[in-house]
Number of protein chains: 2
Amino acid sequence: MSLVVVGSVAYDGVTTPAGKVDRMLGGACTYIALSASYFTKTEIVAVVGDDFAQEDTDLLAAHGIGLDGLERVAGKSFFWAGVYSADMNDRETLTTDLNVFATFDPKLSASQKQQPYLMLGNIQPALQKTVRDQMTSLSLVGGDTMNFWINDFRGELLETLKGWNFLLINDSEAKLLSGESNLKKAAAAVRALGPKLLVIKRGEYGATLFHEHGFFSVPGYLLHGLKDPTGAGDCFAGGFIGYLASRGVNAETASHQDLAKAVVYGSVMGSFCCEEFGVDRFRTLTRDDIEARFEEFRQFTAF
Amino acid sequence: MSLVVVGSVAYDGVTTPAGKVDRMLGGACTYIALSASYFTKTEIVAVVGDDFAQEDTDLLAAHGIGLDGLERVAGKSFFWAGVYSADMNDRETLTTDLNVFATFDPKLSASQKQQPYLMLGNIQPALQKTVRDQMTSLSLVGGDTMNFWINDFRGELLETLKGWNFLLINDSEAKLLSGESNLKKAAAAVRALGPKLLVIKRGEYGATLFHEHGFFSVPGYLLHGLKDPTGAGDCFAGGFIGYLASRGVNAETASHQDLAKAVVYGSVMGSFCCEEFGVDRFRTLTRDDIEARFEEFRQFTAF
């Protein structure tokens, strides 16, 4: 019983007010899987080039992440570079070299197709649909998308969303996808497209989950120091689906309480991600650290 | 035992994406007092011109607000007009006619000087200090300020803040006042200036309170429809101090639980304010409505 994560495994170059790293492990699939691995058995489906370093494979393996679906092909791994604004709420892309990711064609093994949980990182919607359609025993499936797909691949995206139980996007994407500027109305419109569970991420301000019986909001964690927000949204997704998978819930049985806790665990994982560059925080993070921060969330939100 | 509120009572002209009103009752003191009046006995110290309408006096009186300190002088009342951006997170001032407010010199009666609670609306810091220095039996005192005073009257403002128990400002003001871009560090720096209780308002994203033993965050209320955000921050302040006054707390005895609930009541009052233009929501709002929304906050934040 595993969570399958599909998406990019990449190298990133990141500049933030806190520093600069020319090349480090990154990619949505990487962040989601590392985060989810603290909660549930996780395996990835991704492609890398022959430049993919052994130490990066080792980091994933050390977290117990199943790597049978990590395809290696001749060429270079996906490379992205960007620079963040002073408040780190915005970023500018400097380089996007798709490399071997340009022809990514996710191949699922017979075993992977039977897994109950599927998280689709931010890739082309039609590819996300192809993967989802191969799964035979899903309890819960969902994913992420972005402005580019919403604007230029809307038809494909709408078809894809019909098959999802949950969608994680940020507030500007929710407004773009729905055409509604009011968040509550935007959420209702997006949920009508398919995903009955909608998590709207609001960066440093927290997140809000909308479901059939209501909604849940959690404020953001106040970091002492923010080094690099890259991957925070993906780590949120990993904590969210990882916790739900650990509880064994499905789209119908997930309670408000389960979902609310999943949003808090997502927030916890996103907050840890920002404390170091790239995936560095996951080199030392323990499940005890996660539980301690979960309790912090309870303390600073209870009244 | 009353709360004394000092600040502007004015007329506003407001344009938002939801509509336009050329002239309506407004002013920080008005909003704070109307909001606080649902929690505690409230009286105002303010000045209006001879154009101040009887129906506006009647509205304040109908909320049990003490008007002995509402000075009437020859001339026109303070008038402000502005237009909001499409998402209503920003606004542009079109007109600021100080009129009789230009020479506002708050005069407190012997009775007012002995009241235990004082809330200073956003006026010149030296005036705020004059008022505060006249009070002889304060349990809790604080107020609001803005970018203009932080930038151009910093010395006066710093002197004023030394005498306050609480300060309510928004996040950009907290960063401006402290010179710190990290909210947690900004909060620590601002608290070191005097006000040990600091509420940082984050508009639609909620609010965070910092105090000696920790902090408390509440997400924003998701409105079905936002008509006019004018006065929302002042209504927040009114709910915050009004609730604390109703509990009879002072700066030393206020518990985390008291303060957290005060922040939620503040959020509740701010959310109601936005539902109609100007003070219109307070024409029909009941204490039961307030309690019902307070429970909503509990439901959508508990996990």
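Residues numbered from 1 in each chain as written. Chains lettered and ligands numbered in written order. Predicted model: local features only at pLDDT ≥ 70, side-chain atom pairs only at ≥ 80, totals over all residues. Heavy atoms only, no water.

Chain A appears in an unreviewed UniProt entry as Sugar kinase from Paludibaculum fermentans.

When helices and strands are tallied, chain A shows 11 helices and 13 strands. Expressed along its principal axes, the backbone C-alpha trace of chain A runs to roughly 50 × 45 × 35 Å. Residue burial in chain A is summarised as follows: out of 303 residues, 58% are buried. Here the contacts in chain A between residues at least 6 apart in sequence split such that 63% fall between residues at least 24 apart. Charge-centre separation for chain A: the mean point of 27 positive side chains lies 6 Å from the mean point of 37 negative side chains. (Helix = DSSP H or I, 4+ residues; strand = E, 2+ residues; numbered from the N terminus. Buried < 20%, exposed > 50% of the residue type's maximum accessible area, 1.4 Å probe, protein only. Contact = heavy atoms within 4.5 Å. Lys, Arg positive; Asp, Glu negative; His and termini not counted. Charge placed at Lys NZ, Arg CZ, Asp CG, Glu CD.)

It is worth spelling out the relation of the copies chain B and chain A at this point. The two copies are related by a screw motion: chain B maps onto chain A through a turn of 180° and a shift of 0.0 Å along the axis, at an RMSD of 0.0 Å. Given the turn and translation reported, the copies of this chain are related as if by a two-fold rotation axis. The rotation axis passes nearest to the C-alpha of Pro 219 of chain B in chain B, at a distance of 2.6 Å. (Least-squares fit on C-alpha atoms with pLDDT ≥ 70 in both.)

To continue, consider the interface of chain B and chain A. Opposite the 32 residues of chain B that make contact, chain A presents 32 residues. Summed over both sides, the interface between chain B and chain A buries roughly 2,900 Å², with carbon and sulfur atoms accounting for 58% of that surface. Three residues stand out in chain B for area buried against chain A, namely Tyr 205, Leu 222 and Phe 303 of chain B, and they jointly supply 31% of the buried area on that side. Between the two partners, chain B and chain A, sit 2 salt bridges. Here Glu 204 of chain A and Arg 202 of chain B are joined by a salt bridge, their closest N and O atoms 3.1 Å apart. Counting across the interface, chain B meets chain A through 14 residue pairs in polar contact (both at pLDDT 80 or more). When residues of the side of chain B that touches chain A are traced back to their parent elements, those giving at least two are helix H8 (183–191), strand E12 (207–211), strand E13 (214–218), helix H10 (256–273) and helix H11 (287–301) of chain B. With 6 residues, the top contributor of residues to the side of chain B that touches chain A is H11 of chain B. (Buried area = accessible area lost by both parts, 1.4 Å probe. Salt bridge = Lys/Arg side-chain N within 4 Å of Asp/Glu carboxyl O. Polar contact = N/O pair within 3.5 Å; in protein donor to acceptor, adjacent residues only side chain to side chain.)

Right, let's talk about helix H6 (residues 154–161) of chain A for a bit. Residue and element names in this part refer to chain A. Among all positions of H6, only Leu 157, Thr 160 and Leu 161 are buried. Mapping the buried residues of H6 onto a view down its axis gives an arc of 95°, with all of them on the same face. Buried-residue contacts for H6 involve helix H4 (125–134), helix H5 (147–152), strand E10 (166–170) and helix H7 (171–178). (Arc of directions from axis to C-beta.)

Below, the discussion takes up the side chain of Arg 293 of chain A. Within the element layout of this structure, Arg 293 of chain A appears in helix H11 (residues 287–301). Once residues within four sequence positions are removed from consideration, Arg 293 of chain A is found in contact with Tyr 221, Leu 223, Val 268, Ser 271, Phe 272 and Glu 275 of chain A.

In this section: the nonpolar core. Proteins that are soluble and globular tend to have nonpolar side chains buried together. Counting 107 residues, the largest nonpolar core has Ile 44 and Phe 240 of chain B as its most contacted members. Broken down by element, the residue count for this core peaks at 10 residues, all from H10 of chain B. If near-sequence neighbours (up to four positions away) are discounted, Ile 44 of chain B is found in contact with Val 5, Val 9, Cys 29, Ala 33, Leu 60, Ile 65, Gly 66, Leu 67, Gly 69, Leu 70 and Gln 112 of chain B. Residues Leu 34 and Ala 245 of chain A together with Leu 167 and Ile 169 of chain B belong to the second largest nonpolar core, which totals 100 residues. (Core = buried A, V, L, I, M, F, W, Y, C linked by side-chain atoms within 4.5 Å.)

Before going further, it helps to spend a moment on the packing of helix H9 (residues 232–247) of chain A against helix H10 (residues 256–273) of chain A. Residue and element names in this part refer to chain A. Relative orientation of the contacting elements H9 and H10 amounts to 140°, with a least axis distance of 7 Å. At the point where H9 passes H10, the crossing takes the right-handed sense. Contacts between H9 and H10 involve Ala 232, Cys 235, Phe 236, Gly 239, Phe 240, Tyr 243, Leu 244 and Arg 247 on the former and, on the latter, Asp 258, Leu 259, Lys 261, Ala 262, Val 263, Tyr 265, Gly 266, Ser 267, Met 269, Gly 270 and Cys 273. Considered class by class, the residues forming the contact of H9 with H10 number 12 nonpolar, 4 polar and 3 charged. (Axes fitted to C-alpha atoms, helices over the stretch in contact; angles between N-to-C directions. Left-handed = near helix turned anticlockwise from the far one by under 90°. Nonpolar A, V, L, I, M, F, W, Y, C, P; charged D, E, K, R; others polar.)

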